[in-house]
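Next come the chains, spelled out residue by residue.
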Amino acid sequence: MSHTFRNWSGTEAATGVEVLRPGSVDELAAAVKAAAEQGKKLKAVGSGHSFTGCAVPEQVMVRLDGLSAITNADQESGRVTVGAGTGLRKLNAGLAAFDLAMANLGDIDKQTISGAISTGTHGTGARLGGIATQIAALDLVTADGSILHCSSEENADVFNAARVSVGALGVISSITLQTVPAYLLRAQEMPLPLAEVLDGFDQLADGNDHFEFYWFPHTDIALTKRNNRVAAGVGPSPVNAIRGWVDDELLSNRVFELTNRLAMRRPTLVPRINRLASRALSAREYVDASYKVFCSERNVLFRESEYAVPREHVVEVLHRLRRWIDDSGHHFPFPIEVRVAAADDIWLSTASGRDTAYIAIHQYHRLPHDHYFQAFERIVAEYQGRPHWGKLHTLGADDLRARYPHFDDFLAVRDRVDPGRTFSNPYTRKVFGD
């Protein structure tokens, strides 16, 4: 029976694909080997939360729902092994049951763990890396049905490539994470003048465990979020249920959907709408489990492009982007998000080799985005900007090779473990050149 794949945002789809649902690693290895021997293209698919075509299957789609559990947890060392199909929401709850947690997370938890690492998903924190930096080891099923155990000590080159691989090397079957003891975060959220945030950006980024801000175009206000670990003895004081529903569901989702629909019909109202939106979410402070603070619901459909730039250039890039927006004559109702990460050593991580700032721009799904996103790409190109692998961009292999020192090292590993390109699709052929 043929099936249809469609991603969350509706930007990518595939029809007439075969679906496999292996219930064990052995079944997965046999399925991969059979597909390769038949010359079929195979893709593992997680939650479909990428905007790009990185997970779009051409012929065979592998669902890893049968590999979606914590299989081993050592509380003393913090090492936790988990099936590759485990969703982040399920993982976070499972870790909490062992009194463990991820050191850092992104702001949504709808992805699978393997999908999140494969696309370089990250959170924010000047001294912390993305989710892939928390991997101690992984098992990779390659095209010949072999299972490679990869770590910094074993198959180290494959480990360097597979932690962020866009699914181009094989199918990850399990991941061993280096977790930390469960902890509480104090969240402080407040609007501040944009000029104050940009002038003090380094102090804000370095002075907090996790810092990010959202800026609504056509306004002078930024919504800032500071998350810091609490002192010993401080207990949780979560957001009041009614206040949480008003801020996180009513204003951030339902009302925001309505304001975007209004912006679609009356674009000249966008500056006024954005000024109201930037003031609607008033300051709040609360303490809760780390994963509950990091993750929030995002139910309004949108398109997104995100680029990583060297952190020292982020304020300059934002000033240039703001000038383009002001001069463009266009109106953009969605906020721009800014985060930071420490340099890491993963070959295709967007923070590879450099302290990084992330700038993410968005557009409501019913509004055109190409002109906006292309202008953004032109600006960040002057700063060696690296696109998020799962978010919209137009770069090909030649562009990316110039921005990743280990790009050809990655391709060499790919040539060795998937010479027949079993795991390729149009997206990987574009970004890796064949």
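Rules behind the numbers
Residues numbered from 1 in each chain as written. Predicted model: local features only at pLDDT ≥ 70, side-chain atom pairs only at ≥ 80, totals over all residues. Heavy atoms only, no water. Buried < 20%, exposed > 50% of the residue type's maximum accessible area, 1.4 Å probe, protein only. Helix = DSSP H or I, 4+ residues; strand = E, 2+ residues; numbered from the N terminus. Arc of directions from axis to C-beta. Axes fitted to C-alpha atoms, helices over the stretch in contact; angles between N-to-C directions. Left-handed = near helix turned anticlockwise from the far one by under 90°. Contact = heavy atoms within 4.5 Å. Nonpolar A, V, L, I, M, F, W, Y, C, P; charged D, E, K, R; others polar. Pairing = 2+ DSSP bridges.

A. The arrangement of helix H2 (residues 88-97) in detail. Every buried residue belonging to H2 is among Leu88, Leu91, Asn92, Gly94 and Leu95, and all of these are buried. When H2 is viewed along its axis, its buried side chains cluster within an angular range of 165° and face the same direction. Directly after H2, the chain includes Asp99, whose backbone phi takes a positive value near 60°.

B. Structural context of the packing of helix H10 (residues 314-328) against helix H11 (residues 370-381). Viewed as axis vectors pointing N to C, H10 and H11 meet at an angle of 145°, and their least axial separation amounts to 10 Å. The handedness of the crossing between H10 and H11 comes out as right-handed. Where H10 abuts H11, its residues Val317, Arg320, Leu321, Trp324 and Ile325 lie against His371, Tyr372, Ala375, Phe376, Arg378, Ile379 and Val380. Of the residues in the contact of H10 with H11, the class split is nine nonpolar, one polar and two charged.

C. Quick look at the sheet that holds strand E1 (residues 3-6). Spatial ordering of the open sheet is given by E1-E2-E4-E3, a layout of four strands whose pairing is mixed. Pairing within the sheet leaves two strands with one partner each, and these edge strands are E1 and strand E3 (42-45). Adjacent strand axes in the sheet meet at a mean angle of 50° when their direction is disregarded. Taken together, the three bridges between E1 and strand E2 (residues 13-20) define a ladder with antiparallel strand orientation. Paired with Phe5 across the strands is Ala14, a residue of E2.

D. Spatial organisation of the side chain of Thr112. Assignment of secondary structure puts Thr112 in the loop between strand E7 (100-101) and helix H3 (113-118). Dropping the residues within four chain positions of it, Thr112 is found in contact with Gly46, Ser47, Ala84, Gly85, Thr86, Gly87 and Leu88.

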